[in-house]
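Now for the letters of each chain:
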Amino acid sequence: MIGTLITIHGLLRWVTAALALLVIARYAWGWLGKQSFTATDRQLGSAFAVAITVQFVLGVVNLVLLAINGAFRPAVHIEHAFYGLLATGLAHSLPALKRLPDASRFRTGLLLTLVSLLLVIFSVTRLRGSFFFGML
Ligand code: HEM
Ligand code: HEM
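Okay, so let's go over this structure. (Residues numbered from 1 in each chain as written. Chains lettered and ligands numbered in written order. Predicted model: local features only at pLDDT ≥ 70, side-chain atom pairs only at ≥ 80, totals over all residues. Heavy atoms only, no water.)

1. Points about the coordination of the iron atom of ligand 1
Argument step 1. Around the iron atom of ligand 1, the protein contributes the donor atoms H9 (NE2) and H80 (NE2), which lie 2.0 Å from the metal centre.
Argument step 2. Considering all six donor atoms around the iron atom of ligand 1, the spread of angles at the metal, 83 to 180°, places the coordination shape in the octahedral class. A residue pair is termed long-range when its members are at least 10 positions apart, and H9 in helix α1 (residues 2–32) and H80 in helix α3 (residues 74–92) qualify at 71 residues.
Argument step 3. On the accessibility criterion, H9 (16% relative accessible area) is buried. (Donors = N, O, S within 2.8 Å, 3.2 Å for Na, K, Ca; no water. Tetrahedral: all angles 85-135°; square planar, octahedral: opposite > 155°, others 65-115°. Helix = DSSP H or I, 4+ residues; strand = E, 2+ residues; numbered from the N terminus. Buried < 20%, exposed > 50% of the residue type's maximum accessible area, 1.4 Å probe, protein only.)

See the structure below:
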């Protein structure tokens, strides 16, 4: 059970990272092309926030199950959870930009998403040695 959940949590990192990359590419395009911020742009940011929140919730469940099984390693697991919390918080902050002019909304949303993605990559690299573990 816990093995399956951790595998799912591990596989979903690709969904999270792919959505973050889409947000970054779309917002960069919108910012540099001086476009209007549309409902689709907002929904794309929300899709990334939903994906990372699912990761957070699965991560908490993983932590609890590891603790029950006596496999909780505080230093490693709390560090991973802490970076995950920061990354999730950044993804959740995008709606707070709604009062900004479109160009600033694209640019700041892009920066928050980029930092969130970098935190996720760093966190998984610390945990497994590489974000691409299991592929090579
Ligand atoms: C927010 C984005 C997150 C991503 C992309 C992510 C990604 C990953 C990945 C790739 C693994 C390794 C899976 C495997 O070995 O198959 C993992 C393991 C784990 N994650 Fe996360 N994680 C995130 C957030 C969190 C959070 C917030 C928590 C806890 C609150 C958490 C708890 C765990 C635990 C307990 C493990 C198992 C560690 C072990 O096997 O010793 N994760 N995570
Ligand atoms: C440092 C951590 C976090 C920060 C700073 C943060 C920040 C925020 C902010 C500012 C909003 C309001 C967005 C808006 O104006 O619509 C929000 C919404 C929300 N957050 Fe977080 N968040 C954090 C972590 C989490 C976590 C870990 C969860 C759940 C596991 C969570 C669940 C939610 C939900 C369900 C909403 C409502 C979404 C909606 O309005 O549609 N947050 N968060």
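2. Section: the pattern of salt bridges
Argument step 1. One pass over the structure, following the stated rule, counts two salt bridges.
Argument step 2. In this structure, R26 and D41 form a salt bridge, with 2.6 Å as the shortest nitrogen-oxygen distance. Of this pair, R26 sits in helix α1 while D41 sits in helix α2 (residues 39–68), and the two are 15 residues apart along the sequence.
Argument step 3. E79 is paired through a salt bridge with R126; the nearest N and O atoms lie 2.7 Å apart. Residue E79 is found in helix α3, and its partner R126 is found in helix α4 (residues 102–128); the two are separated by 47 residues along the sequence.
Argument step 4. Judged by relative accessible area, which is 23%, E79 ranks as partly exposed.
Argument step 5. Its relative accessible area of 53% is what places R126 among the exposed residues. (Salt bridge = Lys/Arg side-chain N within 4 Å of Asp/Glu carboxyl O.)

3. Looking at the site of ligand 1
Argument step 1. Neighbouring residues of ligand 1: 22 residues in total, closest H9, R73, H77, H80 and R128.
Argument step 2. Take H80: an N or O atom from its side chain is 2.7 Å from a nitrogen atom of ligand 1.
Argument step 3. Within the side chain of R128, a nitrogen or oxygen atom sits 2.6 Å from an oxygen atom of ligand 1.
Argument step 4. Of all the elements in the fold, those that place two or more residues in the shell around ligand 1 are α1, α2, α3 and α4.
Argument step 5. Among the elements that take part in the shell around ligand 1, α2 stands out by supplying eight residues, more than any other. (Near = heavy atom within 4 Å. Polar contact = N/O pair within 3.5 Å; in protein donor to acceptor, adjacent residues only side chain to side chain.)

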